[in-house]
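Understanding the architecture of this molecule
These are the residues of each chain, in order.
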2 protein chains.
Amino acid sequence: MKTVTIIGLGLIGGSLGLSLRQLGLAAHIIGVDLNADNARRAQELGLVDETTADLAAAVRRADLVVVAVPMDAMLTVVPQVLDEVAQQVVIDVGSTKATLLTHLQEHPRRSRFVAVHPMAGTEYSGPEAAVPDLFTDKTLVVCDAQHSDADAVQLVEQVFQGLGMHLLFLDAADHDLHAAYVSHISHITSFALALTVLEKEKEEQRIFDLASGGFASTVRLAKSSPAMWVPIFRQNRLNVLDVLDEHLHQLQNLRNLIAREDFNGLHHAIEQANHIRKILP
Amino acid sequence: MKTVTIIGLGLIGGSLGLSLRQLGLAAHIIGVDLNADNARRAQELGLVDETTADLAAAVRRADLVVVAVPMDAMLTVVPQVLDEVAQQVVIDVGSTKATLLTHLQEHPRRSRFVAVHPMAGTEYSGPEAAVPDLFTDKTLVVCDAQHSDADAVQLVEQVFQGLGMHLLFLDAADHDLHAAYVSHISHITSFALALTVLEKEKEEQRIFDLASGGFASTVRLAKSSPAMWVPIFRQNRLNVLDVLDEHLHQLQNLRNLIAREDFNGLHHAIEQANHIRKILP
């Protein structure tokens, strides 16, 4: 593959540039970011070979275009990119799929687009958050691949297997439901946990002194940016509400067991929760 | 310090034995565990120098006795140990303090006891869970030190500073409240999250495929054992309920913002949650 254009040089776009360069999977990488400061830093950090503000030219020069912007911007940027496309392959790397794919379904170049979601990330954002090996041994979900040209899907397979990812083909609706379970809900509980502690614990130094690994790991995702996450919750609203209502129900149940001092019941519930060990050893 | 007796050879007791041996902070370490299999494995793993089932003799031979059993057993074992004590120093390493200290307040040897809580742990339990360096750079809370003899507190300072811990002196009621915020509540949210996902996501292979670092870190604590945690929730019940009610309120609020599509409000709430960055960088 000769040239890759990455639009959006944050955690995911930047890490992708870094990995493609380090593994020699792209001969040349062009970066585009609306934020000129981000673009400059991405180049300084060696995430891309060059940057430009000319989106149309950057698309035309590419073999593969990666759109790595927040999900609200995705709805504008992906159609703009597809408008410029001849035989290039275009992918998004966003966290929700149904809204975007519905939005694109009438686009004349739809078949050059492949919707993918790398199940990888950290709580940080921006070019400085880019890290190598972010994608190694992680899952790449490819959605509704039957609506993409075979050569386009093949290029995606080749690139992401080259990054050490395992591919999983799902339809967009299934993806959005599973993503609500295993990613979106974790962020909401973490935001709520941070708000709880910040509300109840006025002595910030005490939080710092006492926070052990357990607290730090459950509250880590609460550092995640609203610019990325609000559009995800907006686009996956019904699945998120469904899972969140189940979570509220489970939490209320644990609360009631403690309130009425039913410690046998609590023991049983914790044993049930321990089954997660079998799935995530 | 010559001889340390550790009662309870699980994650904390075992890790303490390992660290004291590796750092040369004790000349001889005696292990006691009601479970003969645990005792045997602790010795095989090199966590202690010898094991015995004779609690009274193990206490009499020690300079320092560490009681590292679940909080319900603590209420029986610590008084048993203190009954055997002449000039030995006895510590617990438990996660709640007010119930235990009230229980001990009339004991004739109370002043030989120092209540400490190392703010360190993992989700695993048993002798195999013991790891070196568990305590390095962590906080050790010392509770109600004014009720302990000065030489006993001094020995505790010397040993745990030797392990690289920072000491923090709190009264028991404050400790239990702060521990509810920064440790106990994280476990409850994690148990509830595991139950939610196990309830809603029937395709276990999908959980495994899709779980990225974020989910794994929020659900990690749900692997923790009920034998350890139920007694903690029982003894710290009122603080845990208080913090849990605030957490339910915060979660309900995020849910309502999403339900009524108030995405500006949601953005603001996430920005507030992001303040946790300032405290836990």
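Residues numbered from 1 in each chain as written. Chains lettered and ligands numbered in written order. Predicted model: local features only at pLDDT ≥ 70, side-chain atom pairs only at ≥ 80, totals over all residues. Heavy atoms only, no water.

A separate point is the overall build of chain A. Scanning chain A for helices and strands turns up 13 helices and 8 strands. C-alpha extents for chain A along the principal axes are approximately 65 × 40 × 30 Å. Burial status across chain A gives 62% buried among its 281 residues. A separation threshold of at least 6 residues defines the contact pool for chain A, and within that pool the share at least 24 residues apart is 73%. (Helix = DSSP H or I, 4+ residues; strand = E, 2+ residues; numbered from the N terminus. Buried < 20%, exposed > 50% of the residue type's maximum accessible area, 1.4 Å probe, protein only. Contact = heavy atoms within 4.5 Å.)

It is worth spelling out the packing of helix α7 (residues 172–200) of chain A against helix α11 (residues 237–259) of chain B at this point. Interaxial distance between α7(A) and α11(B) falls to 9 Å at its minimum, and their mutual angle equals 130 degrees. Here α7(A) is positioned oblique relative to α11(B), judged by the angle of their axes. For the pair α7(A) and α11(B), the crossing hand works out as right-handed. Between α7(A) and α11(B), the residues in contact are Ile188(A), Thr189(A), Phe191(A), Ala192(A), Leu193(A), Leu195(A), Thr196(A), Glu199(A) and Lys200(A) and Asp242(B), Val243(B), Glu246(B), His247(B), Gln250(B), Leu251(B), Leu254(B) and Ile258(B), respectively. When its residues are assigned to classes, the contact of α7(A) with α11(B) shows 9 nonpolar, 4 polar and 4 charged. (Axes fitted to C-alpha atoms, helices over the stretch in contact; angles between N-to-C directions. Parallel < 35°, antiparallel > 145°, perpendicular 65-115°, else oblique. Left-handed = near helix turned anticlockwise from the far one by under 90°. Nonpolar A, V, L, I, M, F, W, Y, C, P; charged D, E, K, R; others polar.)

Residue and element names in this part refer to chain A. The strand order β3-β2-β1-β4-β5-β6-β7-β8 describes an open sheet built from 8 strands, whose pairing is mixed. Two strands close off the open sheet at either side, each with one partner strand: β3 (50–51) and β8 (166–170). By the bridge criterion, 2 bridges tie strand β2 (residues 28–32) to β3 in an arrangement that is parallel. Each residue of the ladder has a partner; that of Gly-31, found in β3, is Thr-51. (Pairing = 2+ DSSP bridges.)

Turning next to helix α7 (residues 172–200) of chain B. Residue and element names in this part refer to chain B. Taking 1.5 Å as the rise per residue, α7 with 29 residues should run 42 Å; its terminal C-alpha atoms sit 40 Å apart, in good agreement. At Ala-180, α7 shows its largest kink, close to 50 degrees. Of all the 29 residues making up α7, 24 are buried; the element is thus mostly covered by neighbouring parts of the structure. Two or three places before Ala-173, at the start of α7, stands the capping residue Asp-171, its side-chain oxygen 3.3 Å from that residue's backbone nitrogen. (Expected span 1.5 Å × (residues − 1). Bend = angle between axes of the 7 residues up to and from the residue. Polar contact = N/O pair within 3.5 Å; in protein donor to acceptor, adjacent residues only side chain to side chain.)

We now examine the pattern of salt bridges. One pass over the structure, following the stated rule, counts 27 salt bridges over all chains. Its salt-bridge partner being Arg61(A), residue Glu50(A) comes within 2.6 Å of it at the nearest N-O pair. One end of the pair, Glu50(A), is in strand β3; the other, Arg61(A), is in the loop between α3 (55–60) and β4 (64–67), with 11 residues separating them in the sequence. Note on Arg61(A): relative accessible area 46%, which makes it partly exposed. In this structure, Glu261(A) engages Arg237(B) in a salt bridge whose closest nitrogen and oxygen atoms are separated by 3.7 Å. (Salt bridge = Lys/Arg side-chain N within 4 Å of Asp/Glu carboxyl O.)

The next subject is the UniProt feature "domain: Prephenate/arogenate dehydrogenase" (unreviewed entry) in chain A. According to UniProt, the "domain: Prephenate/arogenate dehydrogenase" (unreviewed entry) feature falls on residues 2–281 of chain A. Overall, residues 2–281 of chain A shows 54% helix and 13% strand. The separation of its end C-alpha atoms is 40 Å. (UniProt positions renumbered as here; feature names shortened; annotations may be inferred.)

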